[in-house]
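Secondary and tertiary structure notes
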Amino acid sequence: MSRNILVITALMLLVLTLPGISTAKLKVVATLNDLGWIAEQVGGDDVEVSVLCPPHQDPHYLPAKPSLAKKLKKADLLLYNGLELEIGWLPLLIETARNPKIKPGSRGELECADALEHILDVPTGHVDRSKGDIHPLGNPHFLLDPRNGVKVALLIAERMSELDIDAAERYKQRADMFQASVEKRLPEWEALLSASRNCPVIVYHQHWEYLLNWLDIQTIGSIEHRPGISPSPRHTKDIINLGRSQKCVYIIAATWDNLKIAKKASERMDAPLIILPGATGAMEGAEGYLGLFDYICKELSRGGVDGVRNE
Amino acid sequence: MYRFTFSMIILLLLLATDGYCASGTASGVSNSMNPALSINGLFKSQYIQHNNSADDYGIELQEAEMHFTSVVDPFWKANVIFAVHPEEGQAEYGICVEEASIDALNVPAGFSLKLGKFFVPFGKHAKLHTHAFPFIKAPVAVESFLGEGLSETGVELTASLPVPWYSDLTVYGINGNTAIFDNENKELAYGAHSKNFFDITYNSTIEIGGSLLSGPASEDYYGLKSNMSIIGFDMTYKWISSKRSHGPALTISSEFIMPDFLDDDRTPMGWYAFTQYRFHHNWWIGYTSGLVDCDSEIYPNAISQGEILENKMNLTFAPSEFSALRAEVALYDNQASEEDHLCFTLQWNFTIGSHPAHSY
Ligand SMILES: [Zn+2]
């Protein structure tokens, strides 16, 4: 009798420890494709990465499907953008996942915005929702500056090393390699856009502030003037007038924006509309984080110089 | 000695300033631990046309909901909802505790534990906050068998099942002296709910649920059976375009509710089905049809004796996630009394503060 109990207990212990043995890889879940791609570069063979928000979807409004919570159930590390970009769906998914490893405040969750030294568009003075219902902590789209991607990679490497000490050296090495590969390309991208420096442009959503700030291109306004609120016809008219008077060079929109309004503004302003991938892999040819900037810089340089419309 | 006293004074000073920092203000009053708070106001203006009595009209506060949520300590997270409603047929308002519960923070992976007063997980509609209803009023089937918001005190344990799709099983025990059971009884009512989600394509999902609730039968019912059980099935299809923000979206949902089968003459049951479609950024259109067939003598919440058929259609404009305007036409047709009424309703609602996201 007691031997049976012993055998059963031993079997149960074996079953309980099996997942630990079979999955030596760190399971990483990233909210955004950019973060997922960076995590793969830093983690290499030591990690297994999955992504919640597909690249073609506006990350502000991802439906919190339970199948996404299922991805989080087994995660050892959750990487998220932060600055409330994912506020509409991530807390609900974390709650539905019931995984203590990634609960708020634990070592298994990392807000990548922590890597930033400077956040753009931080509201000053009085803050309320009359200014829109997203971006209350500042502009969250910082991954569109490749230099921020590097900072995030170094932060991710640090956290991965904490969770998986054995591979710490490799995480550090890979993050350094990533940094070197981005830094090698920076001058190339910047040179491509040197002619557009200080050019006035209009954006659809304030998605491109970090990108344009990095490239010294000047944003004079956004069609969606209050983040998350559909633009009113009156504001659209105002922005068209502004674009005309300031000689706006082009309008930038993401694939998921309201392109009907963007096209109308583009025609009235007589400025080309450039539709860009809002995330790694959002358009064909923008694969990989470096590929994303190759694509964006090429499109912007074409749109800025010879006014090619990309539709 | 002099140096020792000096360093002690410095140390005390440091400790004292540190104490002030921690409390936030010199008075020791701090906002830093306040719960997240949100308030929702829901109003309606209604015109009701009866086929055999005078018309009704009015404008009223349908519900004001206050929601507080915060971590309590390293062990619990709390959720409290107060709702203020106008009292039936009176000019006064009543306040009720819709939810006052704590969730354990340190449970093994895959489990959750809730204690307190909470919305009983029966089907899809019973758990919705009033401002998240797809139509202005709950379906007659839900209202007749489950009451207006089935919120009870007890314990709820949920486990994620290890199957290839997303599956949750919830079991709970609640007080039996609720409106739908025998409100004199001290016995417990208990139930279970199974929730399953399947992704059909990336953009579409199907949810299939089954519910069971059993408790001490009310007195009228008692002559027939000492226990009353209710079973329910629900199925929801959702499709949301992922290519565009605020692009087209479609929900089709239906629920079937059936209490104990009694005898041939009395086969109580109810169902509803609805569809909602977002046809333009902030605009939704909805249609629903539903039926309840039950005996008001046995079911205290039953809207009336016999069979009621409902048909409703609405148009909703939600300019942001925090406000919405809705226009609805509803036709209720009572088969037994040949009484029907037509309601035209305008509803508006707003949310301020930080309201936790509603479940998918
Ligand atoms: Zn944004």
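Relevant structure appears above.
About the criteria used
- Residues numbered from 1 in each chain as written.
- Chains lettered and ligands numbered in written order.
- Predicted model: local features only at pLDDT ≥ 70, side-chain atom pairs only at ≥ 80, totals over all residues.
- Heavy atoms only, no water.
- Helix = DSSP H or I, 4+ residues; strand = E, 2+ residues; numbered from the N terminus.
- Buried < 20%, exposed > 50% of the residue type's maximum accessible area, 1.4 Å probe, protein only.
- Contact = heavy atoms within 4.5 Å.
- Areas by Shrake-Rupley, 256 points an atom, 1.4 Å probe, with all protein chains shown as cover.
- Buried area = accessible area lost by both parts, 1.4 Å probe.
- Salt bridge = Lys/Arg side-chain N within 4 Å of Asp/Glu carboxyl O.
- Polar contact = N/O pair within 3.5 Å; in protein donor to acceptor, adjacent residues only side chain to side chain.
- Donors = N, O, S within 2.8 Å, 3.2 Å for Na, K, Ca; no water.
- Tetrahedral: all angles 85-135°; square planar, octahedral: opposite > 155°, others 65-115°.
- Phe/Tyr/Trp six-rings, centres within 6.5 Å; stacked < 30°, edge-to-face > 60°.
- Lys NZ or Arg CZ within 6 Å of the ring centre and 35° of its normal.

1. Observations concerning the overall build of chain A
Per the secondary structure count, chain A includes 10 helices and eight strands. Counting all 311 residues of chain A, 55% fall into the buried class. Pairs at least 24 apart in sequence give 65% of the contacts found in chain A among residues at least 6 apart. By element, 54% of the accessible surface of chain A is carried by carbon and sulfur atoms, the whole surface being about 14100 Å².

2. A few points about the interface of chain A and chain B
On the side of chain B, 40 residues touch chain A, which itself brings 31 residues to the contact. In total, chain A and chain B occlude about 2700 Å² of area from one another, counting both sides; carbon and sulfur atoms represent 51% of this. Between chain A and chain B we count three salt bridges in total. Our count for the contact surface shared by chain A and chain B stands at 18 residue pairs in polar contact (both at pLDDT 80 or more).

3. Topic: the coordination of the zinc ion
Residues and elements named next belong to chain A. Surrounding the zinc ion are the protein donor atoms His 60 (NE2), His 135 (NE2), His 141 (NE2) and His 205 (NE2), at 1.9 to 2.0 Å. Relative to the metal, the four donor atoms surrounding the zinc ion lie at angles of 105 to 117 degrees, and the coordination shape comes out tetrahedral. Written as a sequence motif, the donor residues of the zinc ion are H-x74-H-x5-H-x63-H. Of this pair, His 60 sits in the loop between strand E2 (47–51) and helix H3 (66–73) while His 141 sits in the loop between strand E4 (109–111) and helix H5 (146–163), and the two are 81 residues apart along the sequence. Each member of the pair, His 60 as well as His 141, carries the same accessibility label: buried.

4. Overview of unusual backbone geometry
In this model, Glu 84 of chain A sits at a positive phi of 65 degrees, which is unusual for a non-glycine residue. By the element assignment, Glu 84 of chain A lies in the loop between strand E3 (77–80) and helix H4 (90–97). Residue Glu 84 of chain A is classed as partly exposed on the basis of its relative accessible area of 35%. Its identity as a non-glycine residue notwithstanding, His 246 of chain B has a phi of 55 degrees, on the positive side. Here His 246 of chain B is to be found in the loop between strand E10 (227–240) and strand E11 (249–259).

5. Examining the packing of aromatic side chains
Tallied over the entire structure, the rule returns 18 aromatic pairs over all chains. When the centroid spacing of 6.2 Å and the interplanar angle of 90 degrees are considered together, the rings of Trp 189 of chain A and Trp 214 of chain A count as edge-to-face. With Trp 189 of chain A in helix H6 (residues 168–192) and Trp 214 of chain A in helix H7 (residues 209–214), this pair connects stretches of sequence that are 25 residues apart. The exposure class of Trp 189 of chain A is buried, given its relative accessible area of 2%. Look at Trp 283 of chain B and Phe 317 of chain B: their rings are 4.6 Å apart centre to centre, the planes differ by 35 degrees, and that puts the pair in the tilted class. Residue Trp 283 of chain B is found in strand E13 (residues 283–294), and its partner Phe 317 of chain B is found in strand E14 (residues 306–320); the two are separated by 34 residues along the sequence. Judged by its relative accessible area of 31%, Trp 283 of chain B falls in the partly exposed class. For Phe 317 of chain B, a relative accessible area of 25% translates into the label partly exposed. The positively charged end of Lys 65 of chain A is found above the aromatic ring belonging to Tyr 202 of chain B, 3.9 Å away from the centroid.

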